[in-house]
2 protein chains.
Amino acid sequence: MPTTTRPSGLQPDQIVDVAHTLISEHGLAWFSMRKLAAALDVNPMTVYLRFDSKDALLDAVARRGLRDVELPDLPEGPWEDRAVALCTVLRSHLLADRNLLGLYATADRLSAALLQSVEQGLTLMEEIGFRGEGAVLAFRSLFWHTVGFTLVHHSFDHFPADSPGGLQGTFGTVDESTHPVFARNLSSFTSVDGDALFDHTTHLVVAGLRDGAPTSEETR
Amino acid sequence: MPTTTRPSGLQPDQIVDVAHTLISEHGLAWFSMRKLAAALDVNPMTVYLRFDSKDALLDAVARRGLRDVELPDLPEGPWEDRAVALCTVLRSHLLADRNLLGLYATADRLSAALLQSVEQGLTLMEEIGFRGEGAVLAFRSLFWHTVGFTLVHHSFDHFPADSPGGLQGTFGTVDESTHPVFARNLSSFTSVDGDALFDHTTHLVVAGLRDGAPTSEETR
DNA sequence: ACCTGAACACCGTTCAAGT
DNA sequence: ACCTGAACACCGTTCAAGT
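Sequence order as written defines the numbering, with residues in each chain counted from 1. Whichever chain is written first becomes A and whichever ligand is written first becomes 1, with later ones labelled in order. Only residues with pLDDT of 70 or above have their local features reported here, since the model is predicted, and side-chain atom pairs are shown and tallied only from 80 upward, although totals for entire chains, interfaces and linings are computed over all residues. To obtain the side-chain values, all non-hydrogen atoms of the structure were used and water was disregarded.

This part takes up the overall build of chain A. We count a stretch as a helix when DSSP gives it H or I for four or more residues in a row; a strand needs E for two or more, and each element gets its number in order from the N terminus. A count of helical and extended segments in chain A gives 11 helices and 0 strands. Going residue by residue from the N terminus, the α and β elements of chain A occur as α-α-α-α-α-α-α-α-α-α-α. Burial analysis of chain A (220 residues in total) assigns 50% to the buried set. We call two residues contacting when some pair of their heavy atoms lies within 4.5 Å. Restricting to contacts in chain A with at least 6 residues of sequence separation, those with at least 24 account for 68%. Only the protein chains shown count as covering a residue, and every accessible area follows the Shrake-Rupley method with a 1.4 Å probe. When the accessible surface of chain A is split by element, carbon and sulfur atoms take 51% of a total near 10,600 Å². The buried label applies to any residue whose accessible area, calculated with a 1.4 Å probe on protein chains only, is under 20% of its type's maximum; exposed applies above 50%, and partly exposed to all values in between.

Here it is, written out as structure tokens:
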């Protein structure tokens, strides 16, 4: 070894790759600039030559995680089914790596990374008669419905029923006189199936879009 | 002063209160256990006598932030309007303190803190004929739609149009041959009005619920 | 020019020691 | 019993110094 400082030629892409892998494997909370540097076998400060800050790096990692998302072609079938399918695929891509979800939540320009979904979504909206800003609005409803529901997904994991206290523990005592309807339906508050709830709500949004579309019966 | 250690009688509620205030004023990123202790004029370790960890404390802060939410009575009017109003009120409560939003995103048992909304939501669902688990499912769709959209809200703040690069900067070059529909509608991608988009999508969900309700015309 | 080592100003948390 | 001080094992980031 001629010198102690190798001109590593460390590329930004490589840094983002390794950061992505580390976060994916160990989680966002575990990740640090120093651990990243160790994984890259480089001085902690070298990373700062390529990225201004940890935030800037995380931004790049988030964008990278979504950049190469390849959405499959939508299946044949009724319009509603294809619209729901778009949402389902999008969501499963976002959920694919749970450790990166926290990153997407704070990463701006989420939609910019998902060009494929924009193309497919707009096509669907035009198919039922939406044009221009109307098509964009309709697409955005569906898109952000999907992203929002996905970000909220982990809240379902720890819902009562299975937990020690059960519903009592979570809701405390539901006062029959102030919350009569709630009290009467308490036994129906079973644990939440996130996938089913998403699917159900997506159908509601899709049906709403379809009903409000300029063209209701000309899809062919 | 007789001794240097006051038997402060520091109450957990007081700790949570001060933590809530600090986060609300300076943000979640600024907040630390040591700064909290300084604000309480107490040794940093004293807080650990009441809370096992920072996470446990933040959990308590999140719950406290929602505990006393008093939802106003729903206005008179058509069912759809009242359902939308419930969502709007819920959202504005969650958005009231933007600095606490990040807390809710990771706080489990979000719904447990919002008993009021459960009572009102279930009442609405029963009004159009939903019963038992059907009513709970319908309510959950509306509730989590609202929470999800709220958590995603800040993504809209930095949407292109006003930013330096504009749409070009965010989307890069939209290839006309691979994304023809997108390219054709590029000019319709104006900046996102989060409130309007939420309102619009909420109407879609509400309309979907109404249409799928057991009773369609017996509301009275 | 490119990289590093040491240092600065912080963290959350543990634990032996004080009163 | 109740609280603290010092310490441990970390952080992100700056910057003068090395090659």
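On we go from here.
The least-squares superposition of copies is restricted to C-alpha atoms, and to residues with a pLDDT of at least 70 in both copies. Of the two same-sequence chains, chain B is brought onto chain A (RMSD 0.1 Å, axial shift 0.0 Å) by a rotation of 180°. Classification of the inter-copy transformation places it as that of a two-fold axis. For chain B, the minimum C-alpha distance to the rotation axis belongs to B:Gly148 and amounts to 2.0 Å. Taken together, the interface assignments show that 100% of the residues at the interface of chain B recur at the interface of chain A, consistent with an identical surface on both copies.

Next up on the list: helix α10 (residues 194–211) of chain B. With 18 residues, α10(B) should reach 26 Å at 1.5 Å per residue; the first-to-last C-alpha distance of 26 Å fits that figure. For α10(B), every residue scored as buried is listed here: B:Gly194, B:Leu197, B:Phe198, B:Thr201, B:Thr202, B:Leu204, B:Val205, B:Val206, B:Gly208, B:Leu209 and B:Arg210. Looking at the buried positions of α10(B), the neighbouring elements they touch are α7 (132–151) and α11 (194–211) of chain A together with α4 (79–95), α6 (115–127) and α7 (132–151) of chain B. Here a polar contact is recorded for every N or O atom pair within 3.5 Å, except that within protein the pair must consist of a potential hydrogen donor and a potential acceptor, and residues adjacent in sequence are included only if both atoms are side-chain atoms. By the N-cap criterion, in which a side-chain oxygen at the helix start approaches the backbone nitrogen of a residue two or three places on, α10(B) is capped by B:Asp193, the distance to B:Asp195 being 3.1 Å. Helix span, as expected, comes to 1.5 Å for every residue beyond the first.

Turning our attention to the nonpolar core. Counting residues in hydrophobic clusters, the biggest one holds 132 residues, and the most contacted among them are A:Leu57 and B:Leu57. Those residues in contact with A:Leu57 that lie beyond four places of it in its chain are A:Ile15, A:Val16, A:Ala19, A:Phe31, A:Met33, A:Leu36 and A:Phe51. Within this scheme, the nonpolar core is defined by two criteria: the residues are buried Ala, Val, Leu, Ile, Met, Phe, Trp, Tyr or Cys, and they are joined through side-chain atoms within 4.5 Å.

Our focus in this paragraph is the interface of chain B and chain A. Between chain B and chain A, the contact holds 54 residues from the first and 54 residues from the second. A combined buried area of about 5,100 Å² lies between chain B and chain A, and 64% of that area is made up of carbon and sulfur atoms. As a working definition, buried area equals the accessible area (1.4 Å probe) given up by two parts on being put together, with both sides summed. The largest per-residue losses of area from chain B upon contact with chain A belong to B:Glu119, B:Arg140 and B:Trp144, which jointly make up 13% of the total buried on that side. In the sections that follow, a salt bridge refers to a side-chain nitrogen of Lys or Arg positioned within 4 Å of a carboxyl oxygen of Asp or Glu. On inspection of chain B and its partner chain A, the count reaches 2 salt bridges. The shortest N-O distance in the salt bridge between A:Glu126 and B:Arg184 comes to 2.8 Å. Our count for the contact surface shared by chain B and chain A stands at 16 residue pairs in polar contact (both at pLDDT 80 or more). Only α5 (98–106), α6, α7, α8 (166–171), α9 (180–184) and α10 of chain B provide two or more residues apiece to the side of chain B that touches chain A.

Moving on to the domain arrangement of chain A. Residue and element names in this part refer to chain A. Segment limits for the domains were obtained from an automatic or database-derived domain assignment. In terms of domain boundaries, chain A breaks down into domain 1 (12–66) and domain 2 (79–211). On the side of domain 2, 12 residues touch domain 1, which itself brings 13 residues to the contact. Interface area, domain 1 with domain 2, both sides summed: about 1,000 Å², of which 67% is carbon and sulfur. Counting the contacts that link domain 1 with domain 2 gives 0 salt bridges. For the side of domain 1 that touches domain 2, the secondary structure elements donating two or more residues are α1 (12–26) and α3 (54–67). Counting residues per element, the side of domain 1 that touches domain 2 draws most heavily on α3, which supplies 6 residues. Residues that form the side of domain 1 that touches domain 2 fall into these classes: 6 nonpolar, 5 polar and 2 charged. Charged residues are taken to be Asp, Glu, Lys and Arg, nonpolar residues to be Ala, Val, Leu, Ile, Met, Phe, Trp, Tyr, Cys and Pro, and polar residues to be all remaining types, Gly included.

Below, the discussion takes up the packing of aromatic side chains. Residue and element names in this part refer to chain A. Between 30 and 60 degrees the pair is tilted, below 30 it is stacked and above 60 it is edge-to-face, where a pair is any two Phe, Tyr or Trp rings, Trp via its six-membered ring, whose centres lie within 6.5 Å. Following the criterion strictly, the structure yields 8 aromatic pairs over all chains and no others. Both rings, one in phenylalanine 139 and one in phenylalanine 143, keep their centres 5.6 Å apart while their planes meet at 40°; by these two values the pair is tilted. Note that phenylalanine 139 and phenylalanine 143 are positioned in helix α7 at a spacing of 4 residues, about one turn of the helix. For phenylalanine 139, a relative accessible area of 5% puts it in the buried group. Ring geometry for phenylalanine 143 and tryptophan 144: centres 5.1 Å apart, planes at 85°, overall edge-to-face.

All names here are of chain A. With their axes 9 Å apart at the nearest point, α1 and α3 run at an angle of 80° to one another. Relative to α3, α1 is oriented roughly perpendicular. Contact residues: α1 offers Asp13, Ile15, Val16, Asp17, Ala19, His20 and Ile23, while α3 offers Leu57, Leu58, Ala60, Val61, Arg64 and Gly65. Broken down by class, the residue content of the contact of α1 with α3 amounts to 8 nonpolar, 2 polar and 3 charged. All axes are obtained by fitting lines to C-alpha atoms, using only the stretch in contact for helices, and the reported angles, taken between N-to-C directions, cover 0 to 180 degrees. Note on angle classes: values under 35 degrees are labelled roughly parallel, values over 145 roughly antiparallel, values of 65 to 115 roughly perpendicular, and the remainder oblique.

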